[in-house]
Amino acid sequence: MNSRFVLLAWLLLSCLCLSAAQYSRKELKEKWPEANTIIRSYKTLISFTRNPETKLIEVYQQDSIEMIPVNDGYIERVYFFDVNASVGECKLRLNGRNKRSMMKTIANYDGESVFHSDNKICLFKAVSLADDNYYLFTGEKSIQDIKFLTDVFFNDQLYPIVERTYTIQIPEWLELDIKEYNFDFFNVEKSDKNWEGGKQVIFKFADLDQLNTDKKGFLSLHHSYPHILFLPKSYNTVNGNRESIINDTRDLFDWYKKLLGDLTYNKEILGPVVKEITKDQTTDVDKIKAIYYWVQEHRRYVAFEEGLAGFRPEKAEGVYHKKYGDCKGMSNLLYAMLNIAGYHAKIAWLGAFNLRYNHATPSLAVDNHVICYLNFNHDDYFLDATIKLNPLNNNPISIQGKEIMINYDSTFVLKKIPEKDISENLKIRKSFYNISGTSLVGETSIEYNGDSKNHLMYSFRSIKRSDRNEFLEKVIIGDENTICDSIQTSEIDQRDSIFKIDFNEEVKNAVVSFGNETYVNLNSFNSFTMNDVDTTNCYHIFLNQKINSQSEITIPIPEDLEVLELPENTSYSVGAFSLVISYQQIGNQLICKHTVKINKAIIYKEDFSDFVDFNNHFKKIFTATIALKNKG
Amino acid sequence: MMKFINALLLTTICVLSHAQYDNNDSESIDPRIEEVKQYMWSNADSNFLKTDIPEKWKDESAVIIARNTESSVRKRPLSSKLYENFYFHERIKLLDNNAIEKYTEFSFRENSKRFVGLFKTEKVDRYVGFKIEKPNGDVEEVDIAEAVDKTIEGKRNTFSYKKIAIPNLQVGDIIDYYYCTEHMFHTGKFYEFSPVYYQFQEDYPIVWQKLKVAVLNGCYLKARSVNGAPSLKSFTDPNDSEAISYELEDTDRDKLVHEEWSNLYKEIPAIKLQLFYTNSGILSAGYESFYKPLDKMTSEVNADALSEFTYQMIFKITGSYSPYRSMYNSAIKFLKKKSKSNNYSQTELAKEAYYFLREFWYQQQFYASPQILGYYRDNFDSYLLNYLMSAVLLKLNIDFEALYVIPNSFTNPEDLLFFGELYPAIRLTKSDSTIIAAAGATKNYFDMPNYYTGATAFVVPVNNKNFNNFSKTVLPEYNLMDHKEMVVSEVSFNNSYDSIKVKSRFELSGCEKIGWDSVMFVSDVIRNEFKALVYGQFIKDKCVVSTIKVSKEKELAEFREKEAKDRKEKILAKLKDSYGITEVNLNDFNVISYGRWDNEPNLIFELDYTIPANAQKLGGSIIFNTGSLTSFHSEKLDEKREYDIYLPNRRLREQRIIFKGLNSNGIAGLEEFNKAYQSKNLAFKSNYQISGDSIIVDATESVFNNSLKKEDWTEVLDFNQIIDQYSHVKIKIPTIKE
């Protein structure tokens with residue numbers, strides 16, 4: 001069908017549906033008081049055509065967006081695109097009639113911590129006045145190959161939406177699956193209906209907030225917001241032949257293999273390097289370790305996303321010479337060097353922790369990272385060369401629990417990277433204090449393991465040396481009443497042992513005396529920093545690690561005092577959260593111990609009530625006070 | 001007048017400019033690339049060969065071993081072309097990962113050329129080079145060809161730049177890079193380059209640095225070294241014998257320290273520079289003549305220019321094409337009518353002029369088409385106020401003095417160099433010497449910005465419509481009573497001692513008022529007061545050119561509604577940020593006076609809120625930390641002090657907390673409220689008394705002097721400590737009634 005006619009008919013339909021807007025302007029402002037513009041209707045139509053020249057299936061996206069300006073300012077629209085896509089004609093009309101000019105800007109778009117990518121942003125901007133009725137924006141985008149139509153989010157980057165309609169016209173000749181994610185907490189209706197050329201799948205959402213990534217504990221859009229994955233399986237050519245697109249995991253692998261290109265490497269260049277690196281190593285594991293660590297230390301991770309669809313790695317010797325590379329390039333260099341050393345390393349694809357998919361879903365959206373995999377002596381090694389100072393066998397949180405697709409040339413193997421057991425993340429704090437006036441004064445030692453160590457060391461290494469003490473006081477102790485000095489740490493650049501911090505400490509205003517009674521409060525040891533996170537309009541909380549924290553505080557009872565009352569020993573456990581706290585008098589010493597465990601690194605909305613209960617108990621327990629009195 | 005000095009930190013010169021250029025012209029400059037590279041690297045000073053750093057800086061994040069900055073401006077004879085060249089070269093030893101991350105990527109603009117007239121072009125050629133020196137002496141030059149192209153395409157212009165990754169940087173490496181621009185453009189009779197504030201200290205220590213400036217053909221230099229910085233010395237450059245060259249060298253600079261209440265303009269050795277060009281050595285009267293005397297390099301300024309400048313600005317603002325002409329005319333009409341019906345003194349007329357202009361500006365939002373052309377573009381700031389007031393006073397034949405204040409916070413009077421360092425004010429001469437300087441919806445005619453206090457000012461007397469030659473004066477110091485905060489709070493616990501109900505009355509003046517103005521003030525205040533006041537009536541009857549549309553009225557009503565809602569949020573944020581009071585449930589608030597008029601200049605309001613008690617319960621009593629009720633909070637301060645101390649302002653803060661409904665007999669710990677500290681600059685005093693069923697705690701904090709020497713730091717520490725003790729007073733309250 002003529003695509004212009006489809007658009008016209010669809011726009012007409014859109015206009016007829018205008019009455020669907022349910023809110024008055026005043027109600028809109030009350031509902032989204034922070035918004036300068038509110039989208040009352042956002043309709044998208046996705047259609048597909050077969051391009052006989054390229055033999056690819058092209059995707060057309062047509063948007064019709066009605067925006068109500070709430071304040072004087074600007075109306076903005078954005079499209080993101082890359083080498084596989086283009087943005088077509090876009091128009092803006094006041095009240096759907098009078099054409100308004102827009103300023104158009106196209107720029108490279110490097111996401112956060114990406115050095116360079118071929119992604120571009122196309123921004124449209126126009127002045128808007130609050131007393132204008134509404135603006136109708138119509139825009140088009142096309143994607144040259146359906147494989148690159150991957151994930152689609154329904155919330156808008158810029159404005160809240162009253163009503164969102166997303167229509168997918170699937171022609172009879174195309175087999176396309178659509179997989180839904182994060183629909184549970186949103187007001188959505190899905191319907192299927194026949195259409196003259198096939199079927200239409202329609203998603204209708206109501207009351208969508210704009211995308212917000214600024215919340216404390218936010219990990220990724222994919223863990224929060226409703227979205228779909230397009231899974232184009234196969235299609236009939238104009239001649240009636242059935243052609244596979246990405247029908248299953250095997251097809252996905254074949255596509256990756258095609259993109260991966262030639263993995264050969266120059267042994268003459270890299271061979272002597274490998275020989276030099278491993279010359280002092282006697283065992284195989286030490287040799288593997290030496291190569292892995294050399295790549296981490298001597299090649300800098302610089303995120304390039306310019307290869308074909310971001311999947312084609314640079315040649316190993318290219319990364320060696322340039323001295324930097326992205327995840328694909330660094331994995332390729334590591335792969336080459338390990339193979340030169342006689343270890344049959346493999347390239348493996350995975351979706352890092354910001355994604356929620358596995359390879360049973362055959363889509364290019366499921367993977368965004370490449371590592372090197374090695375099975376040696378029946379042991380699995382997952383080698384992520386992009387993480388500086390990462391020890392062998394200590395997989396970072398960003399890849400734990402993720403499924404990898406390992407390239408065995410003609411075939412692939414799926415394997416899951418094990419999640420760290422909570423016991424591996426143990427953080428132990430031991431403090432010995434004396435009561436001194438209104439303060440507790442003494443020494444503290446903290447040991448970090450696993451992910452707790454990884455996170456701390458990453459932060460510690462990235463701040464200025466001269467700021468490290470201040471960092472410790474502010475971030476680790478996190479209490480304005482505490483003063484630290486004489487801070488000693490174990491070697492910061494070591495990988496294979498625990499990380500330890502020792503320091504002297506004064507906890508001010510922890511002790512108060514009234515007549516012959518003295519009270520000691522240990523509230524300042526409440527160091528779990530996520531207990532103030534706001535769970536409203538939030539769909540997950542990322543904790544960085546499974547938390548396993550133990551503390552032991554010893555306070556000698558001064559000679560002239562004795563215990564009047566100790567707080568009750570308490571334990572609390574719900575779901576993945578647990579807390580145990582005890583107070584004891586042993587001889588002339590008071591010993592307070594507590595253990596906090598959260599056996600999840602990501603807390604999803606369904607666990608929020610447990611999380612809130614846990615936090616309430618946590619706060620209550622830590623206001624307990626030790627009561628002492630004068631002897632005699 | 002330029003409002004700001006561009007404090008151009010030359011270490012960050014690779015930051016992208018947002019000027020719009022097009023027509024990349026990289027092919028025509030190829031030979032120059034090698035020439036510049038030779039000049040920057042091969043001919044560099046021997047300090048650029050050094051690799052070691054002083055032992056005392058071994059624990060720093062990075063150390064700048066050498067830095068060279070060269071700038072030259074020259075005019076081509078018989079042409080309107082001006083050439084401005086800038087060469088920057090730096091060599092840095094990287095000592096931790098933080099420094100490596102900082103230097104691992106660079107972005108830089110591409111060459112550009114644009115047409116600015118029929119046959120005129122503006123052209124900027126840029127050159128960069130990066131090399132890494134390893135601890136073993138290996139030198140690796142970064143291939144600029146590896147840089148990736150980035151663009152921002154607009155409808156008419158394309159902004160292009162490059163981004164390069166510096167490979168293989170490791171702790172212990174030295175990065176040696178240069179960045180140069182050669183800028184050619186056309187000019188008229190006079191051109192001033194942006195003022196430059198070159199600081200000799202930054203976040204990393206500097207072993208050696210050099211600054212060179214060269215001027216030729218009609219170009220001149222103004223320069224002044226401040227805070228003990230070295231001065232430029234004239235020398236003959238063998239490579240550029242036609243130019244008049246100046247240079248300075250500096251060594252062994254520690255990194256700068258970031259301390260609370262410090263003023264880096266007063267501490268960091270720096271040199272102020274401004275280059276300018278004038279055709280045939282002529283500077284016209286007024287603004288341009290501020291650049292006199294026309295020596296090739298001078299550190300003088302010509303304050304005589306201010307008289308003519310003042311005249312010109314008044315002429316300009318009242319001229320036929322001035323967007324503010326309607327504002328000026330309306331004020332004159334109003335004041336003439338006023339002076340006919342009342343026997344006003346000149347001071348009273350000036351006051352009326354101030355309030356009329358203020359109200360005229362701020363009621364613009366209620367019209368469909370503002371009467372001031374620049375309303376949406378401009379701000380009613382002290383510059384606009386000053387020249388409008390001057391024009392009005394001149395028209396009414398009221399003598400006054402146009403003041404050009406050199407704020408102490410930004411520069412010492414003797415170090416004045418840039419025109420933008422002067423801030424305007426008006427002083428009435430015939431009566432009470434009132435200084436009019438502050439513009440704003442909540443400002444009064446006698447309010448004066450804090451940074452004017454005790455400042456030196458140039459005075460241009462305007463008598464009988466004559467603009468006389470300048471003199472100098474020193475503005476009065478503020479009294480701490482001018483900046484006062486008084487808070488009286490009634491406090492009561494709920495029955496279960498879980499929460500506290502607080503009713504507070506705030507009364508604020510001066511700088512203490514400013515912080516709350518932005519919280520409490522809403523546009524409805526102007527609207528309501530405007531309707532009720534003579535200014536509003538006059539503007540409505542005599543000046544309105546277009547009335548507001550009904551639809552706009554509706555919009556404004558909604559806007560006011562939002563403002564009112566936002567005000568609640570702002571109150572909560574202010575209580576949290578300034579008083580440390582969190583988890584507030586605001587029950588009600590009431591503004592008694594917005595302090596916009598001279599008969600009631602204080603902001604007065606009441607808050608009614610509830611907060612959690614966060615008390616520790618112990619059988620039949622609680623331990624209550626009173627810190628959540630006080631507006632006094634201590635800071636975490638270092639024992640050592642590097643720089644002089646500049647507290648925000650002189651001030652007096654008084655607080656009374658009245659605990660209601662407590663049985664004072666059983667309460668323990670009240671004596672801890674009795675604190676006292678007094679020094680020559682600071683004081684704190686608190687005590688308690690029992691009155692019936694109430695316990696009353698009074699506290700007073702006084703800052704007699706806000707500019708302290710670093711030797712006075714112990715005073716600040718002691719003062720801080722006593723406040724810390726006061727804000728952590730805990731009392732034990734019996735919860736079981738006797």
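## Here we look at the confidence of the model for chain B
All names here are of chain B.
(1) Moving on: Mean pLDDT over chain B stands at 87; residues scoring 70 or higher make up 93%.
(2) Moving on: Confidence drops under pLDDT 50 across residues 1–27; counting only partners more than four residues distant or on other chains, this segment forms 79 contacts.
(3) Moving on: Scoring the predicted complex yields pTM 0.87 and, for the interface, ipTM 0.84.

## Notes on unusual backbone geometry
(1) Moving on: P293 of chain B follows K292 of chain B through a cis peptide bond whose omega is 0°.
(2) Moving on: With respect to the secondary-structure elements, P293 of chain B resides in the loop between β16 (270–278) and β17 (297–298).
(3) Moving on: Here H378 of chain A, not a glycine, exhibits a phi torsion of approximately 65°, which is positive.
(4) Moving on: Checked against the element boundaries, H378 of chain A lands in the loop between β22 (369–376) and β23 (379–383).
(5) Moving on: The phi dihedral of Y497 of chain B is positive, around 60°, even though this residue is not glycine.

## A word on the pattern of salt bridges
Residues and elements named next belong to chain B.
(1) Moving on: All chains considered together, the criterion is met by 72 salt bridges over all chains.
(2) Moving on: The residue D59 makes a salt bridge to K58 at a minimum N-O spacing of 3.5 Å.
(3) Moving on: Taking relative accessible area as the criterion, D59 reaches 48% and is therefore assigned partly exposed.
(4) Moving on: Classification of K58 by relative accessible area gives partly exposed; the value is 41%.
(5) Moving on: A salt bridge links R651 to E701; its shortest N-O distance comes to 2.9 Å. One end of the pair, R651, is in strand β31 (residues 651–660); the other, E701, is in strand β34 (residues 694–703), with 50 residues separating them in the sequence. With respect to class, R651 is no different from E701; both count as buried.
(6) Moving on: Several salt bridges share partner residues, and in doing so they unite E485, E512, R651, R653 and E701 into one network.

## Topic: the confidence of the model for chain A
Residue and element names in this part refer to chain A.
(1) Moving on: Put simply, chain A has an average pLDDT of 89, and 94% of its residues get 70 or more.
(2) Moving on: Counted against residues more than four places away or in other chains, residues 1–8, with its pLDDT under 50, gives seven contacts.
(3) Moving on: Low pLDDT, under 50, characterises residues 10–21; the stretch is placed with 16 contacts to residues that sit more than four places away or in other chains.

Parameters and conventions
- Residues numbered from 1 in each chain as written.
- Chains lettered and ligands numbered in written order.
- Predicted model: local features only at pLDDT ≥ 70, side-chain atom pairs only at ≥ 80, totals over all residues.
- Heavy atoms only, no water.
- pLDDT = per-residue confidence, 0-100.
- Contact = heavy atoms within 4.5 Å.
- Helix = DSSP H or I, 4+ residues; strand = E, 2+ residues; numbered from the N terminus.
- Salt bridge = Lys/Arg side-chain N within 4 Å of Asp/Glu carboxyl O.
- Buried < 20%, exposed > 50% of the residue type's maximum accessible area, 1.4 Å probe, protein only.

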